[in-house]
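# Observations on the three-dimensional arrangement
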Amino acid sequence: MSISQQNYLQALGIKPWQRRTICHEPAQIHTEISIAPSITHWDTLQSCVMQCTACSLHETRTQTVFGVGNRKAPLMIIGEAPGFHEDKQGEPFVGRAGQLLTAMIKSIGLNRSEVYIANILKCRPPNNRDPQADEVAQCTPFLNQQISLIQPRLLLAVGRIAAHYLLKTQSSLESLRNKTYHYGENNTPLIVTYHPAYLLRHPIDKKKAYRDLLFTQQLLKDSGETLNGKTSTSE
């Protein structure tokens, strides 16, 4: 339908026909890595996130924060939840924490556009409080679908909240570092490091975080992925 036709119908008080996107409520979506039959494409999944009203966070959000980056990325970075700047811009990890994350990614020879970045929650909790259990339960099926669509070679959980959800543990972040775990039915390798916002408050731990990044770099190489995105060959 042309713009002139739309304007004509609106002048008559007739709402133009639009194709509807049918979304399941998050609780109806598989909580495993498998894809629900109705959401197998990025545009549909993103539209469902934008429409989601499953928990109370939709009442206070400015907009949802779906995720950003390479949808065929070897490395997927998963954080906690949008903050003030993310809620305003609709993109994860912006502001000072985002600048630090970008620098962390560059330190291992990757650009931000070469990885995929998402959060446990797609909406900002009020006053940046920790996500509540019901919010995580309602929202993480969307994250699981993103992981399934990307099929990354490696997951990097940044911060305590992301690590606790992905590993189903309450152990301290410090005790979870320097180890390789596996996530989901595809046994995707997963490692843990500090959240950039934490590192801004505790810069003394930046050296530890850099060691985690070198570990990330090595695991990508071991998986057959060079840092320019081309498959490496053994010598």
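Going by the structure above, here's the rest.
The model shown is predicted, which means the values in this text are computed figures rather than measured ones.

This part covers helix 9 (residues 206-222). Side chains that are three or four residues apart share a direction in an α-helix, a result of its 3.6 residues per turn. In this model helix 9 runs 24 Å from its N-terminal to its C-terminal C-alpha over 17 residues, within 8% of the 24 Å that 1.5 Å per residue would give. Among the residues of helix 9, Ala209, Asp212, Leu213, Thr216, Gln217, Leu219 and Leu220 are the ones counted as buried. Projection of helix 9 onto a plane perpendicular to its axis shows the buried side chains occupying an angular sector of 165°, all on one side. Across from the buried face of helix 9, at angles greater than 90 degrees, the exposed residues are Lys207 and Asp222. Contacts made by the buried residues of helix 9 are with strand 2 (75-79), helix 4 (95-106), strand 4 (154-158), strand 6 (188-193) and helix 8 (196-201). The first or second residue beyond helix 9 is glycine 224, which carries a positive phi of 95°.

Relative to the helices and strands, aspartate 205 resides in the loop between helix 8 and helix 9. Residue class for aspartate 205 comes out buried when judged on its relative accessible area of 9%. If we ignore the near neighbours within four places in the chain, the residues touching aspartate 205 are Tyr194, Tyr198 and Leu199.

In terms of residue burial, strand 4 counts as a mostly covered element, since five of its five residues are buried. Neither face of strand 4 is open: one carries Leu154, Leu156 and Val158, the other Leu155 and Ala157, and all of them are buried. When strand 2 meets strand 4, the two strands line up parallel, connected through four bridges. Each bridged residue has a counterpart across the sheet, and for isoleucine 77 the counterpart in strand 4 is leucine 156. Pairing of strand 4 with strand 6, which is carried by four bridges, proceeds in the parallel orientation. For leucine 155, the partnering residue across the bridge sits in strand 6 and is leucine 190.

The rules we used
- Residues numbered from 1 in each chain as written.
- Predicted model: local features only at pLDDT ≥ 70, side-chain atom pairs only at ≥ 80, totals over all residues.
- Heavy atoms only, no water.
- Helix = DSSP H or I, 4+ residues; strand = E, 2+ residues; numbered from the N terminus.
- Expected span 1.5 Å × (residues − 1).
- Buried < 20%, exposed > 50% of the residue type's maximum accessible area, 1.4 Å probe, protein only.
- Arc of directions from axis to C-beta.
- Contact = heavy atoms within 4.5 Å.
- Pairing = 2+ DSSP bridges.

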